[in-house]
Amino acid sequence: MNIWFGVTMVSAFIVSALAAYLGVRALQVLKVRKAKLEEGGEIVNIPMAILQQRSLWNILSITIGVLIISWLFKGYAVSEFFANDKLRISITAVVAVTLMVNLFLMLPTSKKGRWSKMFDERDELVLSKASNFQIVGLLILSVIWTIGLTEYYWEAGSIPIDIPYLMFWSNFLMLFLSRSVGIVFGYWWLDHYGN
Amino acid sequence: MGTDIILNNIRKCRFEKNEMTQQELADAAGCTRQTIVALEAGRYTPSLGLAFRIAGIFDKGLEDIFEYREP
């Protein structure tokens, strides 16, 4: 047996075992934490915060936006993005509308005027943690782009000039999508495990 | 990961204060009703500022409303 194969297999086993142990341990800690919380308070359904509701709408709007963009690209090559005015304008319009909807839905985070009574420290806590999801989201997206482009254009040796433009838009969409996912997850966590 | 639990008797205090509603308390304390519900359910530990404001609304000390339980 090749020595490197053996080392790789042992390393993979150690890493997997460690990950499994940490996962089980985390579940145990969370179970204890939840039990203690239930001891201290009664089980109730906490009404959804306005930010939570709007984040769910936001996830829906971005998903619809991405589906429409995918549908618009159907039958076209990515390299036609700049050459085909109709395609470029349609996709830019969908992205712009999706981002505008997002900005409108996230108005409560401005804490001004009538929103000030609908946004408090609990919402701020969730919002502050949601930025971690943005980092992870962008990281995952960059990995997908990198692996996808490398695999697809390996033979060609270069990528079409249209791609960086689409990467820019996708980064924007991912930034807003991952924040909304982070907000929804944050409220779920608070409702189940406290802060 | 901490498992400190801070209990409170906000619900009892609300009923003692002319059956104050969660919304009334939230408005007076400058937070949302969702936060009051989460506090009463033991699902949220408030900031010191909010804890003091809630205690002030009931004319009580912080320790009369909140109780720290050892993990």
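In the block above lies the structure referred to throughout.
Residues numbered from 1 in each chain as written. Chains lettered and ligands numbered in written order. Predicted model: local features only at pLDDT ≥ 70, side-chain atom pairs only at ≥ 80, totals over all residues. Heavy atoms only, no water.

## Focus on the pattern of salt bridges
Enumeration over the complete set of coordinates arrives at six salt bridges over all chains. Across the pair D191 of chain A and R122 of chain A runs a salt bridge whose closest N-O atoms are separated by 2.9 Å. A residue pair is termed long-range when its members are at least 10 positions apart, and D191 of chain A in helix α5 (residues 162-193) and R122 of chain A in helix α4 (residues 121-153) qualify at 69 residues. You can call D191 of chain A buried: its relative accessible area is 18%. Assessed through its relative accessible area of 1%, R122 of chain A is described here as buried. Its salt-bridge partner being E40 of chain B, residue R11 of chain B comes within 3.5 Å of it at the nearest N-O pair. (Salt bridge = Lys/Arg side-chain N within 4 Å of Asp/Glu carboxyl O. Helix = DSSP H or I, 4+ residues; strand = E, 2+ residues; numbered from the N terminus. Buried < 20%, exposed > 50% of the residue type's maximum accessible area, 1.4 Å probe, protein only.)

## A closer look at the side chain of R14 of chain B
Inspection of the secondary structure puts R14 of chain B in helix α1 (residues 10-16). Contacts of R14 of chain B, omitting those with residues within four sequence positions, involve E19, M20, T21, Q22, L25, E40 and F58 of chain B. (Contact = heavy atoms within 4.5 Å.)

## What about the environment of A96 of chain A?
Residue and element names in this part refer to chain A. The topology assignment puts A96 in helix α3 (residues 85-105). Judged by its relative accessible area of 35%, A96 falls in the partly exposed class. Each C-alpha atom, one on A96 and one on L173, is 9.9 Å from the other, the two residues being 77 residues apart in sequence.

## A look at the packing of α4 of chain A against α5 of chain A
Residues and elements named next belong to chain A. For the pair α4 and α5, interaxial distance at closest approach is 6 Å and the crossing angle is 140°. Judged by the angle between their axes, α4 and α5 are oblique. In this structure, α4 crosses over α5, and the sense of that crossing is right-handed. Residues of the contact of α4 with α5, tallied by class, amount to 20 nonpolar, seven polar and four charged. (Axes fitted to C-alpha atoms, helices over the stretch in contact; angles between N-to-C directions. Parallel < 35°, antiparallel > 145°, perpendicular 65-115°, else oblique. Left-handed = near helix turned anticlockwise from the far one by under 90°. Nonpolar A, V, L, I, M, F, W, Y, C, P; charged D, E, K, R; others polar.)

Fair warning: the whole summary comes from geometry, so function is off the table for now.
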